[in-house]
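Given next are the chains, with one letter for each unit.
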Amino acid sequence: MTALGIGIGTLSLVPALTAELFPNGIEHYAIGGLLVGLGVAVIYLGTAIPAGASTFLESTLSYASTLSRFQQYRPSRDWRVVFTLGIVIGAAIYALTFQSGLVSSGLHQSATTGELRDVGGLTIWLTEVQPWRLFLGGVLIGIGTRLGKGCTSGHGVCGVGSASRASFVGVATFLLVAIGVAQLVAALGVSP
Amino acid sequence: MAGEHEQHPLFLPLVFVGGLIFGFGLGFSHMAQPEVVLNFLQLEDLGLLFVMFGAAVVTGITFFGIKQFRTKAPLTNAAYGRRLKTLDRNVVLGGGVFGVGWGLSGICPGAAYASLGVGNVVILYGIAGMFVGAYLQGYWRSSRAESGTPASAAD
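Residues numbered from 1 in each chain as written. Chains lettered and ligands numbered in written order. Predicted model: local features only at pLDDT ≥ 70, side-chain atom pairs only at ≥ 80, totals over all residues.

Residues and elements named next belong to chain A. UniProt's feature table lists "transmembrane region" (unreviewed entry) at residues 28-57, 78-97 and 168-190, given in the numbering used throughout. Annotated as residues 78-97, this span is 100% helix and 0% strand, and its ends, taken at the C-alpha atoms, are 29 Å apart. For the annotated span residues 168-190, helix accounts for 87% and strand for 0% of the residues, and the straight-line distance between the end C-alpha atoms is 30 Å. (UniProt positions renumbered as here; feature names shortened; annotations may be inferred. Helix = DSSP H or I, 4+ residues; strand = E, 2+ residues; numbered from the N terminus.)

Moving on, we get to the nonpolar core. All names here are of chain A. By size, the foremost hydrophobic cluster in this structure holds 94 residues, and its most contacted members are Val-40 and Ala-91. Sorting elements by how many residues they give to this core places helix H2 (residues 27-47) first, with 10 residues. Mapped onto the domain boundaries, this core takes at least three residues apiece from domain 1 (18-128) and domain 2 (129-192). (Core = buried A, V, L, I, M, F, W, Y, C linked by C-beta atoms within 7 Å. Buried ≥ 20, exposed ≤ 12 C-beta atoms within 10 Å, placed from the backbone. Domains from an automatic or database assignment.)

Moving on to the environment of Phe-98 of chain B. Looking at the element boundaries, Phe-98 of chain B is found in helix H4 (residues 89-105). Classification of Phe-98 of chain B as buried rests on a count of 33 C-beta atoms within 10 Å. Sequence separation between Phe-98 of chain B and Ala-114 of chain B is 16 residues; the distance between their C-alpha atoms is 19 Å. Discounting residues that sit within four places of it in the chain, Phe-98 of chain B has contacts with Leu-140, Ile-141, Gly-144, Thr-145, Gly-148, Cys-151 and Phe-174 of chain A. (Contact = placed C-beta atoms within 7 Å.)

As structure tokens, then:
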């Protein structure tokens, strides 16, 4: 009887726990993730290149700087610009369609953060995170991803998908450190 | 990566289409919103796990699956391989620095490009910062390499 009671109690905890851990549902996250993977897969199937997003920073600097660190990426710099343009325009297509309400789906979730602003029929989304956080964070990301041989897409998507030990270590490191720092920054009262 | 600059006429169009899907996915998943990433890192909404691991599952199946059917990619004639990097202290050190930046800002390179696409012009502060950071480490490591310190065989 008690065991049954605990069993039923545990069962009713599952939806409550799910709502606690995933307050905005999981559908749009899962679909977005599958698309991110599909984008990488399409490029890989055609070219055998596991494309990451952060090498673009250094390869693009090779247009302006003769430093050897950047010049080594010369052979790939053109396609990396095209890849990045594709990412920007792909997200803009999302903004034109789902974000602007032109296309809707039960699987789509409207933004619950930041500010949605109507600009001549197009809905754009703006962050409220302070510019200094974006800039200083950006500097550290530029240093860290290049020193650490990858970012969330290079290590997180391509490297983990390759079952690479270096990528497992890289992802575990930046994920745990980021969780600690985000908690600390929030505890210090910095918001947004 | 020999051969990646070989210009098959469909090479750049395919890379562009892959980028489009990738960027659309980052927009749809809300990972292009720094606030959503910060909520995840503060453990208030763990949905972002589905973005990263969902994507990794798709690439994992693709990377390992394609080798059962073909050995070389049609557009570059390059052999299909895994993305493997040498595990050294730079992976941990760089990962740690990246983690501080990610936790402070809620942005990472791919998501920042996508954030610009959804109209978030404020993200240009973050993208400018990334270029500054990439330049700083490149300057520092290039001058170390030229002064004779053995360069690490990174990337």
